[in-house]
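Structure at a glance
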Amino acid sequence: MNRSSEIVLFHAAADLGAAAQIAAHLEFLAEAQVRLEVFCDGDSVEDVWAQGEDAPAILLLLSPSSVPSAATREKWPSILRHRESSALPPIGLISIAPCKCPPILERKHFFRYADNPRRALRELAYWVSNLAERTKTHFSPARQSWFAGRGVELEQLWESLVDEAGVTILASAAAASGKSTLAQEFVRVASRHFRDVLWIECGTRTEISIAGELAARLGVSLGNHGEDAFARIGTRIQERRVLLVLDDAAEGLPISTAGGGRASVLVTTRSEAVSLLPGATVIPVEPIPLPAMDASTLHPAAHELLRSLQICRPLALATRIARLEEAEAQEACRILVEARWIDPMDAAGLCYRLGAGAVEPVGEEYRRRHAEALAESFSKWGTQPGSCRTLLAEMDTAFAWALRSNWKLAIRLGHCAAGFLNQEGRLAEAIYIYRQLLTAAQEQNDPDEIENCMQQLSWVDEQEGNRHRTLRNTEQTTFNFSD
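Cut-offs used in this document
- Think of each chain on its own: its residues are numbered from 1, step by step along the sequence as written.
- Given that this is a predicted model, residues contribute local features only at a pLDDT of at least 70 and side-chain atom pairs are listed and counted only at 80 or more, while totals for whole chains, interfaces and linings are drawn from all residues.
- Working from all heavy atoms in the structure, the side-chain values ignore hydrogens and water.
- Strands are treated as partners if at least two bridges between them are detected by DSSP.
- A run of H or I in DSSP becomes a helix once it reaches four residues, and a run of E becomes a strand once it reaches two; helices and strands are each numbered from the N terminus.
- Axes here mean lines fitted to C-alpha atoms, for a helix over just the part in contact, with angles spanning 0 to 180 degrees between N-to-C directions.
- Contacts: residue pairs with any heavy atoms within 4.5 Å of one another.
- Residues belong to one nonpolar core when they are buried, are Ala, Val, Leu, Ile, Met, Phe, Trp, Tyr or Cys, and are joined through side-chain atoms within 4.5 Å.
- Between buried and exposed lies partly exposed: a residue is buried under 20% and exposed over 50% of the maximum accessible area for its type, with that area taken using a 1.4 Å probe on protein chains only.
- A carboxyl oxygen of Asp or Glu within 4 Å of a side-chain nitrogen of Lys or Arg is what we treat as a salt bridge.

1. Thoughts on the sheet that holds strand S6 (residues 167-171)
- Strands sit in the order S7-S8-S9-S6-S10 across an open sheet of five strands; the sheet is parallel. One side of each edge strand has no neighbouring strand; the edge strands of this open sheet are strand S7 (196-201) and strand S10 (281-284). Each neighbouring strand pair of the sheet contributes to a mean axis angle of 15°, computed without reference to strand direction.
- The sheet contact formed by S7 and strand S8 (residues 242-249) spans six bridges and is parallel. Bridged to Leu198 within S8 is Leu244.
- Where helix H5 (residues 151-162) meets the sheet, its contacts fall on S6, S8, strand S9 (264-269) and S10, and the angle it forms with S6 comes to roughly 155°.

2. Some thoughts on the nonpolar core
- Counting 58 residues, the largest nonpolar core has Leu305, Leu336, Phe378, Phe399, Trp407 and Leu413 as its most contacted members.
- Those elements giving two or more residues to this core turn out to be helix H9 (300-309), helix H10 (315-322), helix H11 (326-338), helix H12 (364-378), helix H13 (385-405), helix H14 (407-423), helix H15 (427-444) and helix H16 (447-457).
- By residue number, the principal contributor to this core is H14, which donates 10 residues.
- Those residues within four positions of Trp407 in sequence are excluded, and the remaining contacts are Ala402, Leu437, Ala440, Ala441, Gln444, Asp446 and Glu449.
- In this structure, Ala229, Ile233, Leu246 and Leu253 belong to the second largest nonpolar core, which totals 26 residues.

3. Observations regarding the pattern of salt bridges
- Scanning the model with the defined rule gives 27 salt bridges in all.
- Note that Glu213 and Arg217 form a salt bridge whose closest N and O atoms lie 2.3 Å from each other. Of this pair, Glu213 and Arg217 both sit in helix H7 (residues 207-218), four residues apart, which is roughly one turn of that helix.
- Residue Glu213 is classed as buried on the basis of its relative accessible area, which comes to 13%.
- Under the relative-accessibility criterion, Arg217 is labelled partly exposed at 24%.
- Two residues, Glu365 and Arg369, come together in a salt bridge whose shortest N-O distance is 3.0 Å. Remark: Arg369 and Glu365 occur in helix H12; sequence separation between them is four residues, near one turn of the helix.
- Residue class for Glu365 comes out partly exposed when judged on its relative accessible area of 32%.

In short, geometric facts, not functional conclusions.
Dropping the structure here:
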(Lines give C-alpha, C1' and ligand atoms only; values in the text may rest on other atoms or scores of the structure.)
Protein backbone atom coordinates (compact mmCIF):
# COMPACT_ATOMS: atom_id res chain seq x y z
CA MET A 1 0.00 0.00 0.00
CA ASN A 2 1.27 3.42 -0.91
CA ARG A 3 1.17 5.45 2.27
CA SER A 4 -0.26 8.40 0.37
CA SER A 5 -3.28 6.32 -0.74
CA GLU A 6 -6.60 6.48 1.04
CA ILE A 7 -8.21 3.74 3.07
CA VAL A 8 -11.98 3.91 2.94
CA LEU A 9 -13.89 3.51 6.21
CA PHE A 10 -17.63 2.87 5.79
CA HIS A 11 -19.90 3.65 8.74
CA ALA A 12 -23.50 4.44 9.61
CA ALA A 13 -24.42 8.04 10.42
CA ALA A 14 -24.97 7.12 14.07
CA ASP A 15 -21.36 5.87 14.32
CA LEU A 16 -19.63 9.00 13.06
CA GLY A 17 -17.97 9.75 16.41
CA ALA A 18 -16.34 6.34 16.69
CA ALA A 19 -15.36 6.41 13.01
CA ALA A 20 -13.66 9.79 13.41
CA GLN A 21 -11.69 8.62 16.46
CA ILE A 22 -10.50 5.48 14.70
CA ALA A 23 -9.54 7.43 11.59
CA ALA A 24 -7.54 9.96 13.63
CA HIS A 25 -5.68 7.14 15.38
CA LEU A 26 -4.76 5.46 12.09
CA GLU A 27 -3.70 8.69 10.45
CA PHE A 28 -1.35 9.51 13.32
CA LEU A 29 0.12 6.13 14.29
CA ALA A 30 -0.17 4.17 11.03
CA GLU A 31 0.54 7.14 8.72
CA ALA A 32 -2.60 6.26 6.75
CA GLN A 33 -5.02 8.55 5.00
CA VAL A 34 -8.54 7.51 5.94
CA ARG A 35 -11.59 8.67 4.00
CA LEU A 36 -14.85 8.39 5.91
CA GLU A 37 -17.88 7.25 3.91
CA VAL A 38 -21.25 7.46 5.62
CA PHE A 39 -24.14 5.51 4.14
CA CYS A 40 -27.84 6.20 4.19
CA ASP A 41 -30.23 4.98 6.84
CA GLY A 42 -31.63 1.62 5.85
CA ASP A 43 -28.42 0.53 4.11
CA SER A 44 -25.84 -1.82 5.63
CA VAL A 45 -22.14 -2.45 5.11
CA GLU A 46 -23.11 -5.33 2.81
CA ASP A 47 -24.96 -2.89 0.56
CA VAL A 48 -22.20 -0.26 0.21
CA TRP A 49 -18.73 -1.76 0.74
CA ALA A 50 -18.08 -2.39 -2.98
CA GLN A 51 -17.99 1.37 -3.55
CA GLY A 52 -14.47 1.27 -2.06
CA GLU A 53 -13.04 -1.43 -4.35
CA ASP A 54 -10.55 1.03 -5.89
CA ALA A 55 -8.98 1.79 -2.50
CA PRO A 56 -5.90 -0.03 -1.13
CA ALA A 57 -8.03 -1.31 1.77
CA ILE A 58 -11.56 -1.11 3.14
CA LEU A 59 -12.65 -0.81 6.75
CA LEU A 60 -16.21 -1.59 7.79
CA LEU A 61 -17.55 -0.29 11.10
CA LEU A 62 -19.94 -2.85 12.58
CA SER A 63 -22.72 -1.85 14.95
CA PRO A 64 -26.47 -2.45 15.18
CA SER A 65 -26.84 0.56 12.84
CA SER A 66 -24.66 -0.86 10.07
CA VAL A 67 -25.02 -4.65 9.87
CA PRO A 68 -27.65 -6.74 8.10
CA SER A 69 -30.59 -7.78 10.19
CA ALA A 70 -29.41 -11.40 10.54
CA ALA A 71 -26.12 -13.17 11.02
CA THR A 72 -26.82 -15.76 8.31
CA ARG A 73 -24.48 -16.15 5.36
CA GLU A 74 -27.32 -15.28 2.98
CA LYS A 75 -27.34 -11.71 4.33
CA TRP A 76 -23.60 -11.18 3.65
CA PRO A 77 -23.06 -12.74 0.18
CA SER A 78 -20.70 -10.24 -1.50
CA ILE A 79 -18.43 -9.67 1.50
CA LEU A 80 -18.14 -13.42 2.08
CA ARG A 81 -17.29 -14.10 -1.59
CA HIS A 82 -14.66 -11.37 -1.50
CA ARG A 83 -13.10 -12.70 1.70
CA GLU A 84 -13.20 -16.37 0.70
CA SER A 85 -11.47 -15.68 -2.62
CA SER A 86 -8.76 -13.53 -0.92
CA ALA A 87 -9.58 -10.80 -3.39
CA LEU A 88 -8.19 -7.29 -3.25
CA PRO A 89 -8.59 -4.88 -1.66
CA PRO A 90 -8.43 -6.47 1.81
CA ILE A 91 -11.36 -5.80 4.13
CA GLY A 92 -11.07 -5.17 7.84
CA LEU A 93 -14.09 -5.26 10.14
CA ILE A 94 -14.29 -3.24 13.35
CA SER A 95 -16.94 -4.21 15.87
CA ILE A 96 -17.75 -1.09 17.93
CA ALA A 97 -20.94 -2.41 19.55
CA PRO A 98 -22.51 -5.84 20.11
CA CYS A 99 -23.94 -7.14 16.84
CA LYS A 100 -24.09 -10.42 14.96
CA CYS A 101 -22.28 -11.45 11.81
CA PRO A 102 -21.29 -14.83 10.31
CA PRO A 103 -18.53 -16.40 12.47
CA ILE A 104 -16.38 -16.97 9.39
CA LEU A 105 -15.89 -13.21 9.11
CA GLU A 106 -14.34 -13.12 12.56
CA ARG A 107 -11.44 -15.39 11.59
CA LYS A 108 -9.15 -12.67 10.27
CA HIS A 109 -8.89 -8.89 10.13
CA PHE A 110 -11.66 -8.62 12.73
CA PHE A 111 -11.09 -6.04 15.47
CA ARG A 112 -13.18 -6.13 18.63
CA TYR A 113 -13.20 -2.46 19.56
CA ALA A 114 -16.24 -2.88 21.78
CA ASP A 115 -14.45 -5.46 23.97
CA ASN A 116 -11.03 -3.80 24.32
CA PRO A 117 -10.53 -0.48 22.50
CA ARG A 118 -6.80 -0.21 23.29
CA ARG A 119 -5.99 -3.69 22.04
CA ALA A 120 -8.24 -3.31 18.98
CA LEU A 121 -6.60 -0.03 17.96
CA ARG A 122 -3.14 -1.56 18.45
CA GLU A 123 -3.98 -4.52 16.22
CA LEU A 124 -5.77 -2.33 13.68
CA ALA A 125 -2.82 0.08 13.36
CA TYR A 126 -0.51 -2.91 12.93
CA TRP A 127 -2.68 -4.35 10.16
CA VAL A 128 -2.92 -1.06 8.31
CA SER A 129 0.82 -0.38 8.66
CA ASN A 130 1.68 -3.77 7.20
CA LEU A 131 -0.74 -3.92 4.28
CA ALA A 132 2.22 -3.43 1.97
CA GLU A 133 5.48 -5.31 2.08
CA ARG A 134 7.69 -3.61 4.62
CA THR A 135 11.28 -2.69 3.99
CA LYS A 136 13.78 -4.23 6.38
CA THR A 137 14.36 -2.12 9.46
CA HIS A 138 17.78 -0.73 10.33
CA PHE A 139 17.91 -2.92 13.44
CA SER A 140 16.72 -6.52 13.65
CA PRO A 141 17.33 -7.70 17.24
CA ALA A 142 18.45 -11.17 18.19
CA ARG A 143 16.12 -13.42 20.13
CA GLN A 144 17.34 -13.95 23.68
CA SER A 145 16.29 -17.49 24.54
CA TRP A 146 16.98 -17.00 28.24
CA PHE A 147 14.83 -13.86 28.56
CA ALA A 148 11.94 -14.30 31.00
CA GLY A 149 9.80 -12.14 33.24
CA ARG A 150 9.61 -8.35 32.95
CA GLY A 151 5.99 -8.76 31.84
CA VAL A 152 4.82 -5.64 33.69
CA GLU A 153 7.57 -3.51 32.18
CA LEU A 154 6.93 -4.88 28.67
CA GLU A 155 3.24 -4.03 28.89
CA GLN A 156 4.13 -0.51 30.02
CA LEU A 157 6.34 -0.18 26.95
CA TRP A 158 3.54 -1.38 24.67
CA GLU A 159 1.12 1.13 26.13
CA SER A 160 3.46 4.11 26.13
CA LEU A 161 5.25 3.52 22.81
CA VAL A 162 2.97 1.46 20.56
CA ASP A 163 -0.50 2.60 21.59
CA GLU A 164 0.63 6.22 21.41
CA ALA A 165 3.69 8.24 20.43
CA GLY A 166 5.67 8.79 23.60
CA VAL A 167 9.02 8.93 25.33
CA THR A 168 9.90 6.18 27.82
CA ILE A 169 13.02 5.95 29.96
CA LEU A 170 14.37 2.65 31.27
CA ALA A 171 16.45 3.84 34.22
CA SER A 172 18.85 2.15 36.58
CA ALA A 173 22.14 3.38 37.96
CA ALA A 174 23.48 -0.16 38.09
CA ALA A 175 25.44 -1.63 35.20
CA ALA A 176 24.18 -4.97 33.83
CA SER A 177 20.75 -4.37 35.37
CA GLY A 178 18.92 -5.49 32.21
CA LYS A 179 17.93 -2.12 30.71
CA SER A 180 19.31 -2.82 27.25
CA THR A 181 18.12 -6.41 27.35
CA LEU A 182 14.57 -5.28 28.11
CA ALA A 183 14.72 -2.68 25.35
CA GLN A 184 16.00 -5.27 22.88
CA GLU A 185 13.23 -7.74 23.70
CA PHE A 186 10.60 -5.04 23.31
CA VAL A 187 12.00 -4.08 19.91
CA ARG A 188 11.99 -7.72 18.84
CA VAL A 189 8.30 -8.23 19.55
CA ALA A 190 7.03 -4.75 18.65
CA SER A 191 9.19 -3.60 15.72
CA ARG A 192 6.58 -4.25 13.01
CA HIS A 193 4.30 -1.69 14.60
CA PHE A 194 6.74 0.95 13.34
CA ARG A 195 7.94 2.02 9.93
CA ASP A 196 11.52 1.61 11.11
CA VAL A 197 13.61 1.04 14.23
CA LEU A 198 16.62 3.30 14.76
CA TRP A 199 18.79 1.79 17.50
CA ILE A 200 21.64 4.11 18.46
CA GLU A 201 24.48 3.15 20.78
CA CYS A 202 25.20 6.29 22.83
CA GLY A 203 27.59 5.66 25.72
CA THR A 204 30.49 8.09 25.42
CA ARG A 205 29.63 9.21 21.89
CA THR A 206 29.33 12.90 21.16
CA GLU A 207 26.01 14.51 20.38
CA ILE A 208 27.15 15.41 16.86
CA SER A 209 28.12 11.78 16.20
CA ILE A 210 24.71 10.54 17.31
CA ALA A 211 22.90 13.18 15.26
CA GLY A 212 25.07 12.42 12.24
CA GLU A 213 24.25 8.71 12.38
CA LEU A 214 20.54 9.45 12.63
CA ALA A 215 20.73 11.89 9.72
CA ALA A 216 22.52 9.31 7.57
CA ARG A 217 19.91 6.65 8.33
CA LEU A 218 17.11 9.06 7.47
CA GLY A 219 18.81 10.13 4.26
CA VAL A 220 19.15 13.79 5.24
CA SER A 221 22.11 16.10 5.76
CA LEU A 222 23.14 18.19 8.75
CA GLY A 223 25.08 20.52 6.48
CA ASN A 224 28.30 21.89 7.95
CA HIS A 225 26.89 23.10 11.27
CA GLY A 226 26.98 20.89 14.34
CA GLU A 227 25.18 23.30 16.63
CA ASP A 228 21.80 22.02 17.78
CA ALA A 229 22.19 19.07 15.40
CA PHE A 230 20.28 16.66 17.63
CA ALA A 231 17.36 19.05 17.92
CA ARG A 232 17.25 19.58 14.16
CA ILE A 233 17.32 15.89 13.34
CA GLY A 234 14.81 15.25 16.13
CA THR A 235 12.32 17.43 14.29
CA ARG A 236 12.77 15.31 11.17
CA ILE A 237 12.37 12.05 13.07
CA GLN A 238 9.02 13.17 14.46
CA GLU A 239 7.55 13.36 10.95
CA ARG A 240 7.60 9.56 10.78
CA ARG A 241 6.20 6.67 12.76
CA VAL A 242 9.53 5.23 13.84
CA LEU A 243 10.91 3.84 17.08
CA LEU A 244 14.11 5.59 18.15
CA VAL A 245 16.12 3.70 20.78
CA LEU A 246 18.91 5.62 22.50
CA ASP A 247 20.83 2.94 24.37
CA ASP A 248 22.99 4.00 27.33
CA ALA A 249 22.19 7.70 26.94
CA ALA A 250 24.46 9.95 28.95
CA GLU A 251 23.71 13.02 31.01
CA GLY A 252 23.41 16.09 28.84
CA LEU A 253 21.92 14.43 25.76
CA PRO A 254 18.80 16.51 24.98
CA ILE A 255 16.29 13.67 24.77
CA SER A 256 13.43 16.19 24.94
CA THR A 257 14.25 17.40 21.43
CA ALA A 258 13.43 13.98 19.98
CA GLY A 259 9.80 13.88 21.13
CA GLY A 260 6.56 15.55 20.20
CA GLY A 261 5.40 13.98 16.93
CA ARG A 262 4.67 10.55 15.43
CA ALA A 263 7.86 8.86 16.61
CA SER A 264 8.24 6.97 19.86
CA VAL A 265 11.50 7.25 21.79
CA LEU A 266 12.91 4.60 24.13
CA VAL A 267 15.91 5.53 26.26
CA THR A 268 18.09 3.39 28.49
CA THR A 269 20.28 5.29 30.91
CA ARG A 270 22.22 5.15 34.13
CA SER A 271 21.97 8.91 34.54
CA GLU A 272 19.44 10.60 36.78
CA ALA A 273 19.80 13.88 34.89
CA VAL A 274 18.70 12.99 31.35
CA SER A 275 16.58 15.82 29.95
CA LEU A 276 13.00 14.59 29.62
CA LEU A 277 9.84 15.72 27.95
CA PRO A 278 6.96 16.60 30.24
CA GLY A 279 4.83 13.49 30.50
CA ALA A 280 7.63 11.06 29.66
CA THR A 281 7.21 7.64 31.24
CA VAL A 282 10.05 6.57 33.53
CA ILE A 283 10.28 2.83 34.25
CA PRO A 284 12.77 1.90 37.00
CA VAL A 285 14.55 -1.34 36.13
CA GLU A 286 15.35 -3.38 39.18
CA PRO A 287 18.70 -5.21 38.80
CA ILE A 288 18.49 -8.96 38.59
CA PRO A 289 20.82 -11.16 40.67
CA LEU A 290 23.96 -11.95 38.67
CA PRO A 291 25.75 -15.30 38.86
CA ALA A 292 29.29 -15.52 40.17
CA MET A 293 31.53 -15.93 37.14
CA ASP A 294 35.32 -16.24 36.96
CA ALA A 295 36.88 -15.13 33.68
CA SER A 296 40.16 -16.82 34.57
CA THR A 297 38.51 -20.20 33.97
CA LEU A 298 37.83 -19.37 30.32
CA HIS A 299 39.80 -20.76 27.42
CA PRO A 300 42.52 -18.20 26.49
CA ALA A 301 40.88 -17.35 23.16
CA ALA A 302 37.49 -16.79 24.82
CA HIS A 303 39.15 -14.66 27.49
CA GLU A 304 40.88 -12.52 24.85
CA LEU A 305 37.65 -12.04 22.93
CA LEU A 306 35.78 -11.09 26.11
CA ARG A 307 38.37 -8.43 26.93
CA SER A 308 38.05 -7.04 23.42
CA LEU A 309 34.25 -6.96 23.56
CA GLN A 310 34.48 -4.84 26.68
CA ILE A 311 35.54 -1.89 24.51
CA CYS A 312 33.65 -2.55 21.27
CA ARG A 313 30.45 -4.19 20.01
CA PRO A 314 31.23 -5.53 16.48
CA LEU A 315 32.49 -9.12 16.58
CA ALA A 316 34.76 -8.60 13.54
CA LEU A 317 36.49 -5.67 15.23
CA ALA A 318 36.83 -7.54 18.53
CA THR A 319 38.38 -10.45 16.63
CA ARG A 320 41.07 -8.13 15.28
CA ILE A 321 41.71 -6.58 18.70
CA ALA A 322 42.01 -10.05 20.26
CA ARG A 323 44.26 -11.16 17.38
CA LEU A 324 42.30 -14.31 16.74
CA GLU A 325 41.60 -16.20 13.54
CA GLU A 326 37.97 -15.99 12.39
CA ALA A 327 37.18 -19.65 13.15
CA GLU A 328 38.85 -19.35 16.55
CA ALA A 329 36.82 -16.22 17.33
CA GLN A 330 33.55 -17.84 16.27
CA GLU A 331 34.13 -20.77 18.63
CA ALA A 332 35.13 -18.40 21.45
CA CYS A 333 31.99 -16.35 20.78
CA ARG A 334 29.82 -19.47 21.01
CA ILE A 335 31.36 -20.35 24.38
CA LEU A 336 30.82 -16.85 25.74
CA VAL A 337 27.20 -16.69 24.57
CA GLU A 338 26.29 -20.07 26.03
CA ALA A 339 27.74 -19.06 29.40
CA ARG A 340 26.04 -15.62 29.24
CA TRP A 341 29.33 -13.72 29.32
CA ILE A 342 28.05 -11.88 26.23
CA ASP A 343 24.63 -11.53 24.60
CA PRO A 344 23.93 -11.19 20.85
CA MET A 345 22.41 -7.87 19.83
CA ASP A 346 21.38 -8.32 16.20
CA ALA A 347 19.83 -11.32 14.50
CA ALA A 348 22.79 -11.57 12.11
CA GLY A 349 25.21 -12.08 15.01
CA LEU A 350 27.43 -9.15 14.07
CA CYS A 351 27.41 -7.29 17.40
CA TYR A 352 27.44 -8.34 21.06
CA ARG A 353 27.10 -6.69 24.44
CA LEU A 354 28.42 -7.80 27.81
CA GLY A 355 26.04 -10.19 29.55
CA ALA A 356 25.70 -11.36 33.12
CA GLY A 357 29.38 -11.76 33.92
CA ALA A 358 31.50 -9.31 35.86
CA VAL A 359 33.95 -7.27 33.77
CA GLU A 360 37.65 -6.70 34.23
CA PRO A 361 39.50 -3.39 33.91
CA VAL A 362 40.37 -2.79 30.26
CA GLY A 363 44.11 -2.37 29.83
CA GLU A 364 45.79 0.31 27.74
CA GLU A 365 47.06 -2.33 25.33
CA TYR A 366 43.52 -3.21 24.24
CA ARG A 367 42.56 0.43 23.88
CA ARG A 368 45.61 1.00 21.70
CA ARG A 369 44.69 -1.99 19.52
CA HIS A 370 41.14 -0.66 19.26
CA ALA A 371 42.32 2.73 18.01
CA GLU A 372 44.88 1.18 15.65
CA ALA A 373 42.34 -1.17 14.11
CA LEU A 374 39.95 1.72 13.47
CA ALA A 375 42.68 3.90 11.98
CA GLU A 376 43.64 1.08 9.64
CA SER A 377 40.00 0.55 8.60
CA PHE A 378 39.28 4.23 8.05
CA SER A 379 42.48 4.61 6.01
CA LYS A 380 40.73 2.46 3.39
CA TRP A 381 37.61 4.62 3.17
CA GLY A 382 37.97 5.06 -0.58
CA THR A 383 37.76 1.34 -1.33
CA GLN A 384 35.85 -0.03 1.67
CA PRO A 385 33.22 2.58 2.62
CA GLY A 386 30.71 -0.02 3.82
CA SER A 387 33.11 -1.32 6.46
CA CYS A 388 33.81 2.23 7.61
CA ARG A 389 30.10 2.96 8.05
CA THR A 390 29.71 0.04 10.44
CA LEU A 391 32.61 1.31 12.57
CA LEU A 392 31.66 4.97 13.00
CA ALA A 393 29.94 4.25 16.32
CA GLU A 394 33.35 3.14 17.65
CA MET A 395 35.14 6.31 16.58
CA ASP A 396 34.50 8.63 19.53
CA THR A 397 35.85 6.27 22.19
CA ALA A 398 39.00 5.41 20.25
CA PHE A 399 39.68 9.01 19.19
CA ALA A 400 39.25 10.34 22.73
CA TRP A 401 41.72 7.74 24.02
CA ALA A 402 44.25 8.51 21.28
CA LEU A 403 44.05 12.25 21.93
CA ARG A 404 45.02 11.56 25.55
CA SER A 405 47.50 8.75 25.10
CA ASN A 406 48.94 8.49 21.58
CA TRP A 407 49.21 11.75 19.65
CA LYS A 408 50.56 10.30 16.39
CA LEU A 409 47.79 7.71 16.34
CA ALA A 410 45.22 10.42 17.07
CA ILE A 411 46.40 12.35 14.00
CA ARG A 412 46.13 9.27 11.78
CA LEU A 413 42.74 8.24 13.09
CA GLY A 414 41.33 11.76 13.00
CA HIS A 415 42.39 12.51 9.42
CA CYS A 416 41.25 9.14 8.09
CA ALA A 417 37.84 9.33 9.79
CA ALA A 418 37.35 12.95 8.72
CA GLY A 419 38.22 12.03 5.15
CA PHE A 420 35.61 9.31 5.15
CA LEU A 421 32.96 11.55 6.72
CA ASN A 422 33.72 14.25 4.15
CA GLN A 423 33.22 11.73 1.34
CA GLU A 424 29.92 10.65 2.90
CA GLY A 425 28.66 14.24 3.01
CA ARG A 426 28.69 14.26 6.82
CA LEU A 427 30.50 17.57 6.99
CA ALA A 428 29.47 18.66 10.47
CA GLU A 429 31.09 15.56 11.97
CA ALA A 430 34.26 15.95 9.90
CA ILE A 431 34.57 19.59 10.97
CA TYR A 432 34.08 18.58 14.61
CA ILE A 433 36.99 16.12 14.35
CA TYR A 434 39.28 18.72 12.80
CA ARG A 435 38.42 21.18 15.54
CA GLN A 436 39.24 18.58 18.18
CA LEU A 437 42.54 17.89 16.43
CA LEU A 438 43.32 21.59 16.21
CA THR A 439 42.71 22.13 19.92
CA ALA A 440 44.86 19.13 20.80
CA ALA A 441 47.61 20.22 18.38
CA GLN A 442 47.74 23.61 20.09
CA GLU A 443 48.05 21.87 23.46
CA GLN A 444 50.76 19.58 22.04
CA ASN A 445 52.53 22.58 20.49
CA ASP A 446 52.58 20.76 17.13
CA PRO A 447 52.92 23.51 14.48
CA ASP A 448 52.69 21.13 11.51
CA GLU A 449 49.38 19.68 12.67
CA ILE A 450 48.06 23.12 13.61
CA GLU A 451 48.75 24.28 10.06
CA ASN A 452 47.22 21.11 8.60
CA CYS A 453 43.98 21.49 10.58
CA MET A 454 43.78 25.21 9.81
CA GLN A 455 44.10 24.48 6.11
CA GLN A 456 41.35 21.88 6.25
CA LEU A 457 39.02 24.15 8.20
CA SER A 458 39.74 27.11 5.94
CA TRP A 459 37.71 25.37 3.28
CA VAL A 460 34.61 25.92 5.39
CA ASP A 461 33.78 29.64 5.50
CA GLU A 462 31.18 30.06 8.20
CA GLN A 463 30.34 33.65 7.34
CA GLU A 464 26.62 33.93 6.66
CA GLY A 465 25.81 33.60 2.97
CA ASN A 466 29.29 32.35 2.00
CA ARG A 467 29.54 28.69 2.98
CA HIS A 468 31.51 26.07 1.12
CA ARG A 469 29.92 22.63 1.15
CA THR A 470 33.02 20.46 1.34
CA LEU A 471 36.35 20.20 3.07
CA ARG A 472 39.57 20.05 1.14
CA ASN A 473 40.04 16.64 -0.46
CA THR A 474 41.81 14.38 2.01
CA GLU A 475 44.28 12.00 0.42
CA GLN A 476 43.63 8.36 1.15
CA THR A 477 46.52 6.89 3.08
CA THR A 478 47.09 3.37 4.32
CA PHE A 479 48.85 3.24 7.67
CA ASN A 480 50.85 0.26 8.86
CA PHE A 481 51.04 -0.42 12.59
CA SER A 482 53.64 -2.31 14.52
CA ASP A 483 53.17 -3.80 17.97
